[in-house]
Every structure is written in C-alpha cells, then in structure tokens.
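Given next are the chains, with one letter for each unit.
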Amino acid sequence: MIACIGAGPGHLDFLTQKGARLVREADVVAGFDAVVDVVRPLISPNARIVTMGYRDQVARLEEVAELHHAGQKCAVVFMGDIHFSGFQYLERVETACGHQVETVPGISSAQVLASRGRVCFDETTFLTFHRRGDLTPFKTHLREVLRAGRNAIVIPRPWDFMPRDIATYLLAGGASTAHRVEVWENLTRQEAEWTGTLTDLEGRDFSDMTIMLIRALTPMPTGLEGER
C-alpha cells in the first residue's frame, strides 16, 4: 500500500481523519521536511521517516518506491491538498512507483484562505504558481480572472514570482491600483500578515510559505439583495 495524503496547511486541525489514520498505520512516512514535521506527532515510533528537499526528491522517492514494492505501508504527505498545488509531486511519486497510487485529499490553504477572507469560491479563482516550467499561461490567466471581476487566491512561486513580482506584473498589464490584497504567511492565525493595495505590495518581501488573496474591485451581487 502506498498513499499520497494532503496534510493540511501547516496544522493537524486540517488533516482528515482518514489521512491521520493512514499516517499512524504507515511503516514508512515520506515528504518534504516541513510537511513531515506537521504530521510527526502521529507517526509510529517504529516507522521509517524519509525526508527530502527539491534537489534530492527524485532519489528519495525511488527509495520510498522500493520500500513500497517490498511490502511496506507507505504514506507520502503533501502540504494542503494534493490536487491544488502538488500535482507535479504526485507525478514524481507515481513515476517512482511505476503505477498510479491512492490519493487522499486534504484541506487546502486555498480553502482556509477563502474562509479567513470570507469569499465564495463561486466568485473566486484559485491559481498556483508553485510549479516548475513556463508560468506564462498562468500569469495570463490571472490577468483575465481580475478583468472578469473575480477574486483570485494565488500561491506564488519561490523566489522568482513572489507577491511583489505578481503586483508588478499585474500593474504593468493594466490592472487597477485599487485592487485590495491580503497576504498570509500563517493560515492558523485569524488575521492576515499584510493588507493593502497592489501598489502598496510592490517591493515588499515575504517568506516562501505565502498565499495571497486579490479581491475583485466590486463584490458580486449575493442574490439576496432586497430580502429582509
């Protein structure tokens, strides 16, 4: 058995019961250091822990795949939800294993931010730049989202397309300076790390554990206007 598990945005409160059970039962728990640290309280003292970084992830995942094929129960943990910003990592896991694996969705940082910011996903588009490769199509999509009058929840890419770079890109493309922005570095808190406008955001530095909300210029009608 091998399962890829969405571990929530940095806090066990956002890990599903199924995900927690699979971590507890695993013979091997693997993932990036920061994500493994989130679930470490659940890991059996007899389990093998395989941590990795960006540079050695392919080699470490091959090690996990060998343990899986040897009959070990393996859990690979992802930050947030696998299908929000971890799809390339999932592809690496399946390449190492040579087959599709079970995926267990988690609570994503985008969902938590929507709750914190009190925005509806019907009126909001989620985009992640936390990927390798050409970002041009995704940058263009972000511009179109804002032009369409929708909110945007955005995960930047460390360190070449961070919040300040996103603000510069949007303003250069004609986005209004009046768009309100919230930048969050710790979604377990109740208040944003920073709030302001796109113009205010230029030149500001944040950590790589950042997610941002760019609000539409005008909120969409709720459909309840006129009700008492």
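Residues numbered from 1 in each chain as written. Predicted model: local features only at pLDDT ≥ 70, side-chain atom pairs only at ≥ 80, totals over all residues. Heavy atoms only, no water.

### Comments concerning the overall build of the protein chain
And then number 1: Along the protein chain, the regular secondary structure elements total nine helices and ten strands.
And then number 2: Against the compact-globule benchmark of 17 Å for 228 residues, the protein chain has a radius of gyration of 19 Å, which places it among compact chains.
And then number 3: With respect to the principal axes defined by its C-alpha atoms, the protein chain has extents near 60 × 45 × 30 Å.
And then number 4: Looking at the 228 residues of the protein chain, the share that counts as buried comes to 44%.
And then number 5: Across the protein chain, contacts joining residues at least 24 apart in sequence account for 67% of those joining residues at least 6 apart. (Helix = DSSP H or I, 4+ residues; strand = E, 2+ residues; numbered from the N terminus. Rg over C-alpha atoms; globule rule 2.2 N^0.38 Å. Buried < 20%, exposed > 50% of the residue type's maximum accessible area, 1.4 Å probe, protein only. Contact = heavy atoms within 4.5 Å.)

### A closer look at the domain arrangement of the protein chain
And then number 1: With domains assigned, the protein chain is organised as domain 1 (2-104) and domain 2 (109-214).
And then number 2: Spacing between the C-alpha centres of domain 1 and domain 2 amounts to 27 Å.
And then number 3: Residue-level contacts link ten residues of domain 1 with 13 residues of domain 2.
And then number 4: Where domain 1 abuts domain 2, roughly 1,000 Å² becomes buried across the two surfaces, and 63% of that area is made up of carbon and sulfur atoms. (Domains from an automatic or database assignment. Buried area = accessible area lost by both parts, 1.4 Å probe.)

### Remarks on the sheet that holds strand β1 (residues 2-6)
And then number 1: The five strands are arranged β3-β2-β4-β1-β5 in an open sheet whose pairing can be described as parallel. Among the strands making up the open sheet, the edge pair consists of β3 (48-52) and β5 (102-104). The sheet shows a mean angle of 20° between the axes of neighbouring strands, direction not considered.
And then number 2: Bridge count between strand β2 (residues 28-32) and β3: five bridges; the pairing is parallel. (Pairing = 2+ DSSP bridges. Axes fitted to C-alpha atoms, helices over the stretch in contact; angles between N-to-C directions.)

### Focus: helix α6 (residues 109-117)
And then number 1: For α6, every residue scored as buried is listed here: S109, A110, V112, L113, A114 and G117.
And then number 2: Elements that come into contact with the buried residues of α6 comprise α4 (82-85), β6 (124-128), β7 (151-155), β8 (180-184) and β10 (211-214).
And then number 3: One or two steps after α6, the chain reaches R118, where phi turns positive at roughly 55°.

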